[in-house]
Amino acid sequence: MVRQLRIASLINSAYAVSRVDGDKLAQQIRDALRQGEMITLDFTGLEIVTSAFLNGAIGALYEEFTPELISSLLQLENLSSFQQGLVERVRENAIEYFRNPEAAEAAWRAAQEEAA
């Protein structure tokens, strides 16, 4: 059985912009992944999707699950090409970050110090 989640209905908005909404969606995705259940996220009706939302909804999953497991059980549908590109960027960044969080944090702090 595949669990279908229509994002716009879950967040009651066409604007998927907040990390808080992304975190709520991530919890539903985690529940399905822990049970080995396939899940499909439907982007129908979303006018705006931000990286903050996607970091909460998808990026955070890589802390607990392998990229292989996520790829095999999580499917996305009805994305615009822009949304697809944003999802890919979030995935790549999350995989890199959770591969070595200490190094990522150190690099971020160095960049912040350099900018100051």
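The paragraphs below set out a description of the structure included in this document.

Definitions and cut-offs
- Residues numbered from 1 in each chain as written.
- Predicted model: local features only at pLDDT ≥ 70, side-chain atom pairs only at ≥ 80, totals over all residues.
- Heavy atoms only, no water.
- Pairing = 2+ DSSP bridges.
- Helix = DSSP H or I, 4+ residues; strand = E, 2+ residues; numbered from the N terminus.
- Axes fitted to C-alpha atoms, helices over the stretch in contact; angles between N-to-C directions.
- Patch = residues over 30% accessible without salt bridge, like charges linked within 9 Å, V, L, I, M, F, W, Y side chains within 5 Å.
- Areas by Shrake-Rupley, 256 points an atom, 1.4 Å probe, with all protein chains shown as cover.
- Salt bridge = Lys/Arg side-chain N within 4 Å of Asp/Glu carboxyl O.
- Expected span 1.5 Å × (residues − 1).
- Buried < 20%, exposed > 50% of the residue type's maximum accessible area, 1.4 Å probe, protein only.
- Contact = heavy atoms within 4.5 Å.
- Phe/Tyr/Trp six-rings, centres within 6.5 Å; stacked < 30°, edge-to-face > 60°.

### Brief notes about the sheet that holds strand 1 (residues 2-6)
Here three strands make up an open sheet; going across it, the order is 1-3-5 and the pairing parallel. Both outer strands of the open sheet, strand 1 and strand 5 (74-77), are each paired with one neighbouring strand and no more. Adjacent strand axes in the sheet meet at a mean angle of 20 degrees when their direction is disregarded.

### Some remarks on a nonpolar patch on the surface
Residues Tyr 15, Val 17 and Ile 48 make up a contiguous nonpolar surface patch of about 250 Å² in total accessible area. Here Tyr 15 lies in strand 2 (residues 15-16).

### Notes on helix 2 (residues 19-34)
Helix length check: helix 2, at 16 residues, gives a terminal C-alpha distance of 22 Å against a target of 22 Å (1.5 Å per residue), a fit within 8%. When we look at burial in helix 2, the residues that qualify are Asp 21, Gly 22, Leu 25, Ala 26, Ile 29, Arg 30, Ala 32 and Leu 33. Those residues of helix 2 that are buried are in contact with strand 1, helix 1 (7-11), strand 3 (38-42), helix 3 (51-57), helix 4 (67-73) and strand 5. One or two positions beyond helix 2, positive phi appears at Gly 36, with a value near 70 degrees.

### Focus on the packing of aromatic side chains
With the rule as written, the count across this model stands at one aromatic pair. Aromatic side chains Tyr 97 and Phe 98 sit 4.9 Å apart centroid to centroid with 85 degrees between the ring planes, which places their arrangement in the edge-to-face category. A relative accessible area of 27% places Phe 98 in the partly exposed class.

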